[in-house]
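# Examining the three-dimensional arrangement
One-letter residues, chain by chain:
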Amino acid sequence: MPRTLARACFGALLVGSFSLGAEIAAGQIPSARTGSAQADTARTASGQTPSAQAASVQIAPDAFLDPVAGVLFEAAQANWASVDSSVVRYTALIQQRIAAAIRTPLKDRIIYRNETAVRAFWDKDYDAVVQVLGTRSQYPGRSIAVREGDLDWLDDLPFDEPFEPGGERLLFGLGDPDDEDDNDLWIAHPLAFGADSLYRYQSGDTLTLSFPDGRRLQTIQLDVLPRQADSHRITGTLWIEPESGALVRAVYRLSRQFDAIRDVPEMREEDERGSFRYVPGLFKPWTFDLTMVAVEYSLWNFEVWLPRSMRMEGEVGAGILKMPVSMDLSYRIESVTTQSDLAQPETAAQAGLVERHFESRAEAMAFIAQLLSEEDGVEYELAVDGFADERNSFMIVPEVRSTVATSPHLPPPIWEDAAGFPSDQQLEDYFNTLAALPAPRIQGIPWAANWGWARPDLLRYNRVEGPALGGRFEASLGGPYTLEASGFFGFADLKPKVRLNFERTSVRRRLRLGVYHELTATDPRGRYLAFGNSMYAFLFGRDDGEYYRRSGADFTWRPPVGARESFEFRAYAERQVGVPTESSFALFRVFNGSWEFRPNVDAGGVEEGGVELRLSPWWGGDPFRRQFGLDLYAHGARWRTTGETVGTNYARASAVLRAAIPLVYPTWRLGLEAGGGTTWGDAPLQRNWFLGGANTLRGYSAAAAMGSSFARGRLDVARTFDIGALTIFGDVGWAGARADFDAGDFLYGVGVGGSVLDGLFRLDLSHGLNGPDKQFRIDLYLDALL
């Protein structure tokens, strides 16, 4: 049975009769190249429903920054407001892939992924029919396998209904972004009537579409610039075909991050009444940022624009929890019937169409399932489970449920390149397009002030400050500029600490200029001034940090907000002084009169200027597959003892390699970590390398080994489960002067551990095997390899 015969079965959705026949259409997908012209970029988002009265509203006189923008806008608005009924029906192979992760300094941990492939039969007169070719989901507590005999897996199927020609084109028709009553994340559409009061428009370059037969089509870029930053307005670029006003490509993002308490009136009222006062500042605010949406359309038979691909990226935030989410959607159009096709003089008899009658819709759907089964060699049936009843389309599924997880139609995970989806280079181009747009103006001077419990990083405890209370003031200065002032006061050392930052943020980077007088740790990435180490110090008297005080100025270059911290460059000039241990209190040591914290490192008073560069790439996202990461660090500086005039140069460098390798998929994994570093020249004591504790050498106290060079490694063997792993491990480490290296001086530690969510939460029981500082340790910490 030819596949085109099954594609003609849309009419079976209507009880009665329909005709069967073959549909043949020729479509061409263009390749694109960018040229220069005097038009600028356009953006679109979701907005209001057009009305005849709104069409008479006059355009704001300052809406268009050039004449071409006005012409493009009028053509695009007319196209958007019209209902395209030229497409009667189409068939498409649709592939979708989604991933959501928890972002941490080490790596992004995938907590949800799905890949889906369906064949959609859309007809303008009937409900769509969706043939489920394959789907697989993975999340904590759920493996990829599909159970036989039930349709529970349909609840995990993210695909509902195909694109409807004439529908909203900015989101491929997904959802109804115009519905402000049911959706707090509605977007003001830049082509809606009256949108010129919310946006301004500027034309840009041309985009030339080249077709296989040599024909070309030009589109013009239209920039959509919000008059002010707002969580319901977008900023981006649209490419418009000027004659028809059709949207060919769009790249856009939210002009301002969505904050649930700030932007939802009901939640703001709840917050003002104190309903959220018991929610720890650790998990506030609640935010969502749509960082990039890119949609592309292809021209079918030089007649109609149909979807080709869509990419969405965003981030959900709950305080310290940051969860990046990505989605890819690909359409491969297989056949199209248009009104012009129906106008051809061919009759049904000439086309070989056959009329067939059904007594019920169920009988018609069963007939379609039979046709599909004969074509693919896989038995299909109509899904009648409760999950399927909630769908907007008729779902036809394989009788043998497990075949959906192994279907050859399934795309690879979203972190792998695949045909039909945007490539890495295309994604880079999308972000470059957004980066070229001016930052939207923010109305007024938005500001926020927090202290103590209101933020997770404004309370801390350590052996230098004792309990320390912090506060932070943040204000937007307009556009991409922000000002931040923060400070701490320690109740043991009675010393105030302050920092003032001036930052510029864009789609590509964050640039920060700061002045400070603050307490810091010798290894800032060890998070010794964060919540975890503070709790250990307060409860058990175990503080793993080594601290000193610094005063000066620095310049920092980092990835943009929402991106993984894969690099950091810092240039600084500062004065450093040692700080003594001032606190002697720990809750579970309160009745031990002789106990006291271990002494802090004896850092000397120095004046230092230098630069630091850290690169932290990571490859692999699947928690059951191979993962690799590097941590490369380079530091060069010149210093002198305070009061002296003669300076000394030094340089430091380190490299740490991490790998997680499946031994027996998916139940056993091997975790490897190896690193080393050294110093050239004479460096201050606080610039030594320190080993000991959960991050570097388990089974030993902090700073059990220190020196101008180090070498360390660790090996974990893990039995993995859907939600976590049980581990046995061994660590080895050495630190000292490079000239004094002796393999007999290595320290060894062993232990067992358990983790949740690919090492997001980790508990280790470890014991050192040699050396004076060996001990039995219990470590509960975040962001482990396994």
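Here goes a summary of the coordinates provided. Position numbers for residues start from 1 in each chain and track the written sequence from start to end. In view of the model being predicted, local features appear only for residues whose pLDDT reaches at least 70, and side-chain atom pairs are presented and counted only at 80 or more, with totals across whole chains, interfaces and linings using the full set of residues. In computing side-chain values, all of the structure's heavy atoms are included and hydrogens and water are not.

### Quick look at the side chain of R119
To keep it simple, the criterion reads: Numbering of helices and strands starts at the N terminus; helices are DSSP runs of H or I of at least 4 residues and strands are runs of E of at least 2. Burial classes follow relative accessibility: with a 1.4 Å probe on protein chains only, a residue under 20% of its type's maximum area counts as buried, one over 50% as exposed, and anything between as partly exposed. As used in this structure description, the phrase polar contact means that two N or O atoms lie within 3.5 Å; if the pair is within protein, one of them must be able to donate a hydrogen and the other to accept it, and residues adjacent in sequence are counted only when both atoms belong to side chains.
Note on placement: R119 falls in strand β5 (residues 108-123). A relative accessible area of 3% places R119 in the buried class. A distance of 2.9 Å separates the side chain of R119 from the side chain of E334, its partner in a polar contact.

### Brief notes about helix α2 (residues 67-81)
Because the α-helix completes a turn every 3.6 residues, residues three or four places apart line up on one side. Applicable threshold: Helix span, as expected, comes to 1.5 Å for every residue beyond the first. Residue contacts are counted whenever heavy atoms from the two residues lie within 4.5 Å of one another.
Between its first and last C-alpha, α2 extends 22 Å over 15 residues, near the 21 Å set by a 1.5 Å rise per residue. Turning to α2, its buried residues are A69, G70, L72, F73, A75, A76, Q77 and W80. Contacts from the buried residues of α2 go to β7 (199-202), β9 (216-226) and β10 (234-241). For α2, the N-terminal cap is D66; the gap from its side-chain oxygen to the backbone nitrogen of V68 is 3.1 Å.

### Remarks on the packing of aromatic side chains
Note the following rule: Only rings of Phe, Tyr and Trp enter the pairing, Trp through its six-membered ring, and a pair is recorded when the two centres are within 6.5 Å. The plane angle decides the type: under 30 degrees is stacked, over 60 is edge-to-face, the rest tilted. For a Lys NZ or an Arg CZ to count as sitting over a ring, it must be within 6 Å of the ring centre and within 35 degrees of the ring normal.
For the coordinates displayed, the defined rule picks out 20 aromatic pairs. Judged by centre distance (5.6 Å) and plane angle (25°), the ring pair of Y90 and W122 falls under stacked. Residue Y90 is located in strand β4 (residues 87-103), and its partner W122 is located in strand β5; the two are separated by 32 residues in the primary sequence. Grouping residues by exposure puts Y90 and W122 together as buried. Judged by centre distance (5.2 Å) and plane angle (50°), the ring pair of W689 and F710 falls under tilted. Of this pair, W689 sits in strand β32 (residues 689-691) while F710 sits in strand β34 (residues 709-720), placing them 21 residues apart in sequence. Judged by relative accessible area, F710 falls into the buried class, the value being 9%. Grouped by ring-pair contacts, the aromatic residues F64, F73 and Y201 constitute a single cluster. One Lys or Arg, R460, reaches over the ring of F488 and ends 3.7 Å from the middle of that ring. Geometry around F729 places R698 over its ring, the cationic atom sitting 3.7 Å from the centre.

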